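Architecture at a glance
These are the residues of each chain, in order.
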Amino acid sequence: MADERICIIGLGKFGFHLGRCLVELGREVLGVDGDADKVKNAQNVFTQVYQLDARDKRALEQIHVDEMSHVVVSVGHSMEASILISLYLKELGVPQVWVKAISGDHEKLLKKIGVDTVFIPERFAAKNMAHQLASPGLIEYLPMDKDVALKEIGIDDWAGQTLRQLDLTNKHQVQVIAKKRAGEDNYSFIPRADEELRLGDKLVLVGREDRLVKLRP
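Conventions we followed
- Residues numbered from 1 in each chain as written.
- Predicted model: local features only at pLDDT ≥ 70, side-chain atom pairs only at ≥ 80, totals over all residues.
- Heavy atoms only, no water.
- Helix = DSSP H or I, 4+ residues; strand = E, 2+ residues; numbered from the N terminus.
- Rg over C-alpha atoms; globule rule 2.2 N^0.38 Å.
- Buried < 20%, exposed > 50% of the residue type's maximum accessible area, 1.4 Å probe, protein only.
- Contact = heavy atoms within 4.5 Å.
- Areas by Shrake-Rupley, 256 points an atom, 1.4 Å probe, with all protein chains shown as cover.
- Pairing = 2+ DSSP bridges.
- Right-handed = clockwise from strand over helix to strand, strands pointing away.
- Axes fitted to C-alpha atoms, helices over the stretch in contact; angles between N-to-C directions.
- Disulfide = S-S within 2.5 Å.
- Core = buried A, V, L, I, M, F, W, Y, C linked by side-chain atoms within 4.5 Å.

**Topic: the overall build of the protein chain**
Scanning the protein chain from N- to C-terminus turns up nine helices and eleven strands. A compact globule built from 217 residues would reach a C-alpha radius of gyration of about 17 Å, whereas the protein chain, at 22 Å, exceeds it by more than 25%. Reported as C-alpha extents along the three principal axes, the dimensions of the protein chain are approximately 65 × 35 × 30 Å. For the protein chain, buried positions account for 40% of its 217 residues. The contacts of the protein chain with a sequence gap of at least 6 include a subset with a gap of at least 24, amounting to 55%. About 12,700 Å² of surface is accessible on the protein chain, with carbon and sulfur atoms providing 50% of the total.

See the structure below:
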């Protein structure tokens, strides 16, 4: 079984920030890039960094990419390099290959060679922002079935009631996942059903966006 380690090939802005976030989350991250400056920039952030041409299959073998749990390919605007590297990673037996695509056609080609996850960051960011603009209070649009989203709401007229009494799951098909007390900065997750809500409290709900938009405390 592959170790729980993640490799990022391509240390441009997206690859670098992704790796930094993963390290902050406690993950072991290996970075790969052919550019000496990008490698130097990541040396004090990533767990380990290699300067090499990832289009060289033997070079990928030498750093044991097959021992990674995930490899993320983020090589800028070169479709050819992205596809070639992804093909090599699948041939070398990497369990999960995630690749950044730059177009719909690029995405189709990556899927045809067996890439596990293809993502277009700009597309997701634009969709997420559009949903937040269209639905005030929306925290994040989640790429799941049926337009699932997160939304923070003030409780208004629900003060004095408990989550059990409100029964939001059965009445509105939404689920409360966090609560923030009035005057506090931090959320408590999976709040107790029998704890009375107070004026000024806020709830974070997950559910279909259309149901979240219609919900009025």
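**Let's talk about the pairing of strand E3 (residues 48-51)**
Where strand E2 (residues 28-33) lies against E3, four bridges are found, and the strand directions are parallel. Paired with Gly31 across the bridge in E3 is Val49. Read from E2 through helix H2 (residues 36-42) to E3, the crossover connection turns out right-handed.

**Topic: unusual backbone geometry**
The phi dihedral of Gln173 falls on the positive side, at around 60 degrees, and the residue is not glycine. Here Gln173 is to be found in the loop between helix H8 (168-172) and strand E9 (174-180). By relative accessible area, Gln173 is classed as partly exposed at 39%. With a phi angle near 50 degrees, Ile190 is a residue other than glycine that sits in the positive phi range. In this fold, Ile190 is placed in the loop between strand E10 (188-189) and strand E11 (202-208).

**A look at the sheet that holds strand E1 (residues 5-9)**
Read from one edge of the open sheet, six strands run E3-E2-E1-E4-E5-E6, paired in parallel fashion. Each edge of the open sheet carries a strand with a single partner, namely E3 and strand E6 (117-119). Strand after strand, the sheet turns through a mean of 15 degrees between neighbouring axes, direction not considered. Sheet topology places strand E5 (residues 96-100) next to E6; three bridges connect them, and they run parallel. The residue bridging Trp98 from the neighbouring strand is Thr117, located in E6. In this fold helix H1 (residues 13-24) packs onto E1, E2, strand E4 (70-73), E5 and E6, with an angle of close to 165 degrees to the strand it touches most, E1.

**Concerning the state of the cysteines**
The full count for this structure, using the stated rule, is zero disulfides. Free cysteine: Cys7, not disulfide-bonded; nearest cysteine sulfur from Cys21 at 17 Å. We classify Cys7 as buried; its relative accessible area is 0%. Among the residues examined, Cys21 registers a relative accessible area of 41% and is labelled partly exposed.

**Focus: the nonpolar core**
Residues Ile9, Val32, Leu60 and Leu89 are the most contacted members of the largest nonpolar core, which totals 25 residues. Listing elements by their share of this core, those giving two or more residues are E1, E2, helix H3 (57-62), E4, helix H4 (79-91) and E5. Here this core takes three residues from H4, the largest share from any one element. Among the nonpolar cores identified, the runner-up in size contains 14 residues, and Leu168, Val174, Leu203 and Leu212 belong to it.

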